[in-house]
Amino acid sequence: MNRPTTGGFAKTPGWLDWYDGPSRPRLRLPDGAVDAHCHVFGPGERFPYAPERKYTPCDAGKDDLFALRDHLGFARNVIVQATCHGADNRALVDACLASGGRARGVATVRRDVADAELERLHAAGIRGVRFNFVKRLVDFTPKDELLAIAQRIAPLGWHVVVYFEAPDLPELWDFFTALPTTVVVDHMGRPDVTQPVDGPQFGLFVRLLREHPNVWTKVSCPERLSVSGPPALPGRCGPDRPPYADVIPFARRLVEAFPDRVLWGTDWPHPNLKDHMPDDGLLVDWLAHIVPDEAHLRRLLVDNPMRLYWPDEWKGA
Ligand SMILES: O=C(O)c1cc(C(=O)O)oc(=O)c1
């Protein structure tokens, strides 16, 4: 199905729309599971894409996101501001407000954001800000500006979500470790999974978490990181042939070493994938391969995201 992009915007050439008619996961999700990394795009006619964006997606609004949540068996979402909306958080806020308390958000703000705006975002369910260092997605923001934002949001009890690629970690290390909040790293810090899980590149990332108890990570996006697949598509993978097998040792290492600081999300609608679009139900089934047992799955999908995003409702493990 060719999904529209409304509002007079033209989809980036080669853009892959999200997978139509995903399977129902075979994996039994624990009650109250949270999809802790997903996005909303537009719709463009109501929530225009940002002038500074690096891609133009198909529209992927809140109704489609909530339908996917229910289909896959999740109870809640954490919606992360996508770079195609820049620092205009209207689509995100609209989705959070429409969720009946079942979605929290991570926003993008500028240094000059007014206190009243931060309070408004908090009331809507925003609990963090995202700093993006992936050069194909955003223009450079000076670190002193980011640090100033972190200092503004820390008193609200918010955290910082960071997105970067593994080769950039050495240069970003001092900045990350100076942040005054919980720091959540997107997509395992994007390791090169052709390198050994015990090698120096992933070793540095593991060290970041080991030495800094305020650092968490999402063990998400195997579909972005995998080099040898197979993809999460019907007929291409199965219980004996897990999808994204080359990413499993990396995610599993983090789940086992830091069971209380890992999160997971679908990353729906999967911006900028070039090769294939995963079946989200099969993507959920991938989790069976990265957790050693049900207790770890519960921490990953329920206890950890609840503690971070709904602390008032979290009853404890
Ligand atoms: O790798 C990506 O292209 C990507 C982009 C975005 C975004 O544009 O916000 O978010 C993600 O989590 C991943």
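This is a predicted model, so every value here is computed, not measured.

1. A few points about the overall build of the chain
Part 1: A tally of regular secondary structure across the chain gives 10 helices and 8 strands.
Part 2: Relative to the globule expectation of 20 Å for 317 residues, the C-alpha radius of gyration of the chain, 18 Å, shows essentially globular dimensions.
Part 3: Looking at the chain residue by residue over its 317 residues, the buried ones come to 60%.
Part 4: In the chain, once contacts between residues fewer than 6 apart in sequence are set aside, the share between residues at least 24 apart is 76%.
Part 5: Accessible surface, the chain: about 13,000 Å² in total, of which carbon and sulfur atoms supply 51%.
Part 6: Of the side chains in the chain, 38 bear a positive and 42 a negative charge, and the two mean positions are spaced by 1 Å.

2. Describing the environment of A10
Part 1: With respect to the element layout, A10 can be found in the segment before β1 (34–38).
Part 2: Separated by 285 residues in sequence, A10 and A295 place their C-alpha atoms 45 Å apart.

3. Brief notes about the side chain of H212
Part 1: Residue position: H212 is located in the loop between α6 (200–211) and β7 (215–218).
Part 2: Setting aside its immediate chain neighbours within four residues, H212 contacts W173, T177 and R261.

4. Examining the site of the ligand
Part 1: Lining the immediate environment of the ligand, one finds 16 residues, of which Y55, T83, R130, R136 and Y163 sit closest.
Part 2: Note that an oxygen atom of the ligand is positioned 2.9 Å from one of the side-chain N or O atoms of H187.
Part 3: The side chain of R224 places a nitrogen or oxygen atom 3.2 Å from an oxygen atom of the ligand.
Part 4: Counted by class, the shell around the ligand contains 5 nonpolar, 6 polar and 5 charged residues.

5. A look at the sheet that holds strand β3 (residues 103–107)
Part 1: The 8 strands lie next to each other as β1-β2-β3-β4-β5-β6-β7-β8, forming an open sheet whose pairing is parallel. Edge strands, defined here as strands with exactly one partner in the open sheet, are β1 and β8 (262–263).
Part 2: Its contacts with the sheet put helix α2 (residues 90–98) on β2 (76–80), β3 and β4 (126–132), and the angle it makes with β3 is roughly 165 degrees.

6. Focus on the packing of aromatic side chains
Part 1: For the structure on display, the rule yields 14 aromatic pairs.
Part 2: Where F202 meets F250, the ring centres are 4.9 Å apart and the plane angle is 80 degrees; that geometry is what we call edge-to-face. Placement of the pair is F202 in helix α6 and F250 in helix α8 (residues 248–257), with a sequence separation of 48 residues.
Part 3: Residue classification places F202 among the buried positions, given a relative accessible area of 2%.
Part 4: Here the aromatic residues F131, F133, F164, F175 and F176 are joined through ring pairs into a cluster of three or more.
Part 5: Its guanidinium or amino end placed over the ring of W314, R307 lies 5.8 Å from that ring's centre, counting from NZ or CZ.

7. Digging into the pairing of strand β5 (residues 159–163)
Part 1: Most of β5 sits inside the fold, with 5 of its 5 residues counted as buried.
Part 2: Alternating positions in β5 separate into two faces, H159, V161 and Y163 on one and V160 and V162 on the other, with burial throughout.
Part 3: Relative to β5, β4 runs parallel, the two sharing 5 bridges. Each residue of the ladder has a partner; that of V129, found in β5, is V160.
Part 4: At this point the chain moves from β4, through helix α4 (residues 143–153), to the parallel β5, and the crossover so formed is right-handed.
Part 5: Bridge analysis of β5 against strand β6 (residues 183–185) gives 3 bridges, and the strand direction is parallel.

8. Focus: the environment of A148
Part 1: Positionally, A148 belongs in helix α4.
Part 2: On the basis of relative accessible area, A148 is assigned to the buried category, the value being 19%.
Part 3: C-alpha of A148 to C-alpha of E294: the two residues are 146 residues apart in sequence and 40 Å apart in space.

9. Things to note about the packing of α2 against helix α3 (residues 115–124)
Part 1: Running from N to C, α2 and α3 point in directions that differ by 40 degrees, and their axes come no closer than 9 Å. The angle between α2 and α3 falls in the class oblique. Two secondary-structure elements touch here, α2 through V93, C96 and L97 and α3 through R120, L121 and A124.

10. Section: the UniProt feature "domain: Amidohydrolase-related" (unreviewed entry) in the chain
Part 1: Under the UniProt annotation, "domain: Amidohydrolase-related" (unreviewed entry) lies at residues 34–309.
Part 2: Between the C-alpha atoms that bound residues 34–309 there is a distance of 10 Å. The span itself is 36% helix and 13% strand.

11. Thoughts on helix α5 (residues 169–178)
Given 3.6 residues per turn, any residue in an α-helix points the same way as the ones three and four places further on.
Part 1: Among the residues making up α5, those that are buried are L169, L172, W173, F175 and F176.
Part 2: Looking at the buried residues of α5, the elements they touch are β4, α4, β5, β6 and α6.

Cut-offs used in this document
Residues numbered from 1 in each chain as written. Predicted model: local features only at pLDDT ≥ 70, side-chain atom pairs only at ≥ 80, totals over all residues. Heavy atoms only, no water. Helix = DSSP H or I, 4+ residues; strand = E, 2+ residues; numbered from the N terminus. Rg over C-alpha atoms; globule rule 2.2 N^0.38 Å. Buried < 20%, exposed > 50% of the residue type's maximum accessible area, 1.4 Å probe, protein only. Contact = heavy atoms within 4.5 Å. Areas by Shrake-Rupley, 256 points an atom, 1.4 Å probe, with all protein chains shown as cover. Lys, Arg positive; Asp, Glu negative; His and termini not counted. Charge placed at Lys NZ, Arg CZ, Asp CG, Glu CD. Near = heavy atom within 4 Å. Polar contact = N/O pair within 3.5 Å; in protein donor to acceptor, adjacent residues only side chain to side chain. Nonpolar A, V, L, I, M, F, W, Y, C, P; charged D, E, K, R; others polar. Pairing = 2+ DSSP bridges. Axes fitted to C-alpha atoms, helices over the stretch in contact; angles between N-to-C directions. Phe/Tyr/Trp six-rings, centres within 6.5 Å; stacked < 30°, edge-to-face > 60°. Lys NZ or Arg CZ within 6 Å of the ring centre and 35° of its normal. Right-handed = clockwise from strand over helix to strand, strands pointing away. Parallel < 35°, antiparallel > 145°, perpendicular 65-115°, else oblique. UniProt positions renumbered as here; feature names shortened; annotations may be inferred.

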